[in-house]
Amino acid sequence: MVYEFRYLAPRTATELATVLDDIKADGRILAGGTDLIPNIRNGVFKPRIVVDVKKFQGADRMAFGSEGLSMGPAVTINDVLRSKDARERYPSLCACAHELASHQVRNRATVAGNVVNASPCSDMAPALLCLGARAVIRSATGERVVPFANFFAGVKKTVLVPGEFLATIIIPAESAGAAGRYLKLKRIAGHDLGIVGVLMTRKDGELRFGVSSAAPTPVLVDTVGAKDDPDEAARKVLASVSPISDVRGTKEYREHMIGVYVRRLLSEVE
Ligand SMILES: Cc1cc2nc3c(=O)[nH]c(=O)nc-3n(C[C@H](O)[C@H](O)[C@H](O)COP(=O)(O)OP(=O)(O)OC[C@H]3O[C@@H](n4cnc5c(N)ncnc54)[C@H](O)[C@@H]3O)c2cc1C
């Protein structure tokens, strides 16, 4: 049931930080709304104030520079797929983006909203984890930078506290050129949340795996060595992930499929 709430659309990042500082836990940030609006409709959240993060100048900025690829909080999943920099330098980011929902949802859904929502099923998290991305978190008192490896704190929980917003996502330049592929198991052939998702990236002999939809948070595994045989690699990934049973799949099914995907990715990602 939708009820009345105030809508604010700050025009600068400083104004946004001030507004969030004033309202703290009474408010919720709105990006694409593809998670927030269903949650408001279903009564999960009842904010008195909804603060739009897309309207300030530069919110939709996506640019590649010496630091790497930076994305503002209004950058959508389809912006990523349309970006030449993303496609050419970070193919695994696009592989994950391509698996997120439908074209229509991807037009609204933002990368920032996807990771702040912190669903275990987040399709963008495996890419940000494997590519060593950092979250620039802003508030009225300043800025802090948190690697995505330390960003997820539990099911639908992140390290953000009231008054803070995710201002920029930076994918470092050193990760550019990493080869990668994302395999996502779904209940149907069309778009769906994953039963399990495994991204593998390979750069300069270094392997990384990002696993979604298996544990309470998306997981980064960087313990697999280039010389490990497929069984050893699968064992190492499973040891870090500890899959759970839930409505979409059992622990055993997830364990089996993670093993299948790790072995397949090792032979496919050159
Ligand atoms: C039909 C459908 C299918 C979907 N399929 C998938 C799928 O296959 N894979 C998948 O991963 N997701 C899926 N989703 C979930 C959703 O689309 C994504 O998580 C999306 O990326 C969320 O982004 P958004 O911009 O819509 O976020 P919003 O809904 O606007 O926000 C999500 C949460 O993050 C907070 N927030 C947003 N931006 C910021 C910020 N910059 N700083 C601090 N807090 C912020 C909001 O307050 C809210 O709590 C699906 C959703 C729908 C409706």
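Definitions and limits used
Within any chain, residue numbers begin from 1 and follow the written order of that chain's sequence. Confidence filtering applies because this is a predicted model: local features only for residues at pLDDT of at least 70, side-chain atom pairs given and counted only at 80 or more, and all residues used for totals across whole chains, interfaces and linings. Numbered from the N terminus, helices here are DSSP runs of H or I no shorter than four residues, and strands are runs of E no shorter than two. In this description the radius of gyration comes from C-alpha coordinates, and the expected globular size is given by 2.2 Å times residues to the power 0.38. To sort residues by burial, count the other C-beta atoms lying within 10 Å of each one's C-beta; a count of 20 or more means buried, 12 or fewer means exposed, and anything in between means partly exposed. C-beta atoms are built from the backbone. We call two residues in contact if the C-beta atoms placed from their backbones are at most 7 Å apart. By definition, a residue lies near a molecule or strand when the C-beta atom built from its backbone is within 6 Å of it. Only Asp, Glu, Lys and Arg are considered charged in this grouping, and only Ala, Val, Leu, Ile, Met, Phe, Trp, Tyr, Cys and Pro are considered nonpolar; every other residue, Gly among them, is considered polar. In this entry, domain limits derive from an automatic or database-based domain assignment. Two strands qualify as a pair provided DSSP detects at least 2 bridges between them. Seen with its strands pointing away from the viewer, a crossover is right-handed if its path from the first strand over the helix to the second goes clockwise. Every angle, taken between N-to-C directions, lies between 0 and 180 degrees, and every axis is a line fitted to C-alpha atoms, over only the stretch in contact when it is a helix. Definition of nonpolar core: a set of buried Ala, Val, Leu, Ile, Met, Phe, Trp, Tyr and Cys residues joined via C-beta atoms within 7 Å.

### Observations regarding the overall build of the protein
Of the regular secondary structure elements, the protein holds ten helices and 14 strands. Relative to a compact globule of 270 residues, whose C-alpha radius of gyration would be 18 Å, the protein shows 18 Å and is just as compact. Seen through its principal axes, the protein has C-alpha atoms that stretch 55 × 45 × 30 Å. Here the protein, with 270 residues, has 44% of them falling under the buried criterion. Long-range contacts, defined here as pairs at least 24 residues apart, represent 62% of the contacts in the protein between residues at least 6 apart.

### Quick notes on the site of the ligand
Ala 31, Gly 32, Ala 101, Gly 113 and Asn 114 are the nearest of the 31 residues found near the ligand. Sorting the residues of the shell around the ligand by element identifies β2 (27-30), α2 (36-41), α6 (103-108), α7 (111-117) and β10 (165-172) as the ones contributing at least two each. Split into classes, the residues belonging to the shell around the ligand amount to 18 nonpolar, nine polar and four charged. Each of domain 1 (6-52) and domain 2 (62-175) accounts for three or more of the residues forming the shell around the ligand.

### Description of the domain arrangement of the protein
What the domain assignment reports for the protein is domain 1 (6-52), domain 2 (62-175) and domain 3 (179-268). The interface is formed by 22 residues belonging to domain 2 together with 22 residues belonging to domain 3. Every element with two or more residues in the side of domain 2 that touches domain 3 is listed here: α5 (91-98), α8 (125-130) and β8 (152-154). The element best represented in the side of domain 2 that touches domain 3 is α8, accounting for five residues. Looking at the side of domain 2 that touches domain 3, its residues break down into 15 nonpolar, five polar and two charged.

### Describing the pairing of β2
Across four bridges, the pairing between β2 and strand β3 (residues 49-52) is parallel. Within β3, the residue paired with Ile 29 across the bridge is Val 51. Taken together, β2, α2 and β3 constitute a β-α-β crossover, and its handedness is right-handed.

### What about the sheet that holds strand β11 (residues 179-186)?
Judged by pairing direction, the sheet is antiparallel, and its four strands sit side by side in the order β11-β12-β13-β14 without closing on themselves. With one partner strand each, in any of the chains shown, β11 and β14 (219-221) form the two edges of the open sheet. Averaged over neighbouring strand pairs, the angle between their axes works out to 15° when direction is ignored. Across eight bridges, β11 lies against strand β12 (residues 194-203) in antiparallel orientation. Each bridged residue has a counterpart across the sheet, and for Arg 181 the counterpart in β12 is Met 200. Along the sheet, α5 contacts β11 and β12; its crossing angle with β11, the most-contacted strand, is approximately 15°.

### Quick look at the sheet that holds β3
Strand-to-strand pairing in sheets goes through backbone hydrogen bonds, with the strands running parallel or antiparallel. Strand order in this open sheet of three strands is β1-β3-β2, and the pairing throughout is parallel. One side of each edge strand has no neighbouring strand; the edge strands of this open sheet are β1 (6-8) and β2. Between one strand and the next, the sheet's axes are offset by a mean angle of 25°, whatever the strand orientation. One ladder, built from three bridges, connects β1 with β3; its direction is parallel. For Arg 6, the partnering residue across the bridge sits in β3 and is Ile 49. Relative to the sheet, helix α1 (residues 13-23) contacts β1, β2 and β3, its axis offset from that of β3 by approximately 165°.

### A look at unusual backbone geometry
Of note, Ala 118 is a non-glycine position whose phi angle comes to about 55°, a positive value. With respect to the helices, strands and loops of the structure, Ala 118 is situated in the loop between α7 and α8. With phi around 45°, Ser 242 is a residue other than glycine that occupies positive phi space. Looking at the element boundaries, Ser 242 is found in the loop between α9 (230-241) and α10 (251-268).

### Thoughts on the nonpolar core
Counting residues in each nonpolar core, the largest one holds 75 residues, and the members touching the most others are Leu 93, Leu 128, Val 198 and Val 237. Per-element accounting of this core gives the leading share, six residues, to β10. With residues near it in sequence (within four places) discarded, Val 198 still touches Leu 183, Phe 209, Val 211, Ile 258, Tyr 261, Val 262 and Leu 265.

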